[in-house]
Amino acid sequence: MTDEDKKTGSNVAPLRAPRPCPECTRPSHREHYPFCSDRCRNVDLNRWLSGSYAIPVADDESKAADDDR
Ligand SMILES: [Zn+2]
């Protein structure tokens, strides 16, 4: 410990630097880390669930499902 440490101790610094939200690149919120809000978290979750992140393999299947209507 040095005197320098004591001085900087009064300067409250965040343990982690805020990361930009992956959805809208705004600063993330601690409650919704790593997202800025619950909405962006849901957007990301829905993207995963809808399979946008997955490699499209069965393109024919989705077309067939459309024809079924
Ligand atoms: Zn966001």
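Keep in mind the model is a prediction, meaning the values are calculated, not measured. (Residues numbered from 1 in each chain as written. Predicted model: local features only at pLDDT ≥ 70, side-chain atom pairs only at ≥ 80, totals over all residues.)

**Here's the deal with the overall build of the protein**
Regarding its fold elements, the protein presents three helices and zero strands. In sequence order, the protein lays out its α and β elements as α-α-α. Buried residues in the protein amount to 9% of all 69 residues. (Helix = DSSP H or I, 4+ residues; strand = E, 2+ residues; numbered from the N terminus. Buried ≥ 20, exposed ≤ 12 C-beta atoms within 10 Å, placed from the backbone.)

**Here we look at the environment of Glu23**
Position of Glu23 among the secondary structure elements: in the loop between helix H1 (3–10) and helix H2 (38–50). In this structure, the C-alpha to C-alpha distance between Glu23 and Asn42, residues 19 residues apart in sequence, is 10.0 Å.

**Observations regarding unusual backbone geometry**
Most of the time, phi is negative for any residue but glycine, and the peptide bond is trans. Residue Pro34 is bonded to the preceding Tyr33 through a cis peptide linkage, with omega at 0°. Position of Pro34 among the secondary structure elements: in the loop between H1 and H2. Of note in this structure, Thr25 is not a glycine but carries a positive phi near 65°. Positionally, Thr25 belongs in the loop between H1 and H2. By the C-beta count within 10 Å, which is 11 here, Thr25 ends up exposed.

**Observations regarding the UniProt feature "binding site: Zn(2+)" (unreviewed entry) in the protein**
Under the feature "binding site: Zn(2+)" (unreviewed entry), the UniProt entry names Cys21, Cys24, Cys36 and Cys40. A maximum C-alpha distance of 8.1 Å places the annotated residues, which cover 20 residues in sequence, within one compact spot. With respect to the helices and strands, the residue Cys24 is situated in the loop between H1 and H2. Inspection of the secondary structure puts Cys40 in helix H2. (UniProt positions renumbered as here; feature names shortened; annotations may be inferred.)

**Details of H2**
What sets the pattern is the α-helix's 3.6 residues per turn: residues three or four places apart point alike. In this model, H2 (13 residues) spans 18 Å end to end at C-alpha, consistent with the 18 Å of a helix rising 1.5 Å per residue. The first or second residue beyond H2 is Gly51, which carries a positive phi of 85°. (Expected span 1.5 Å × (residues − 1).)

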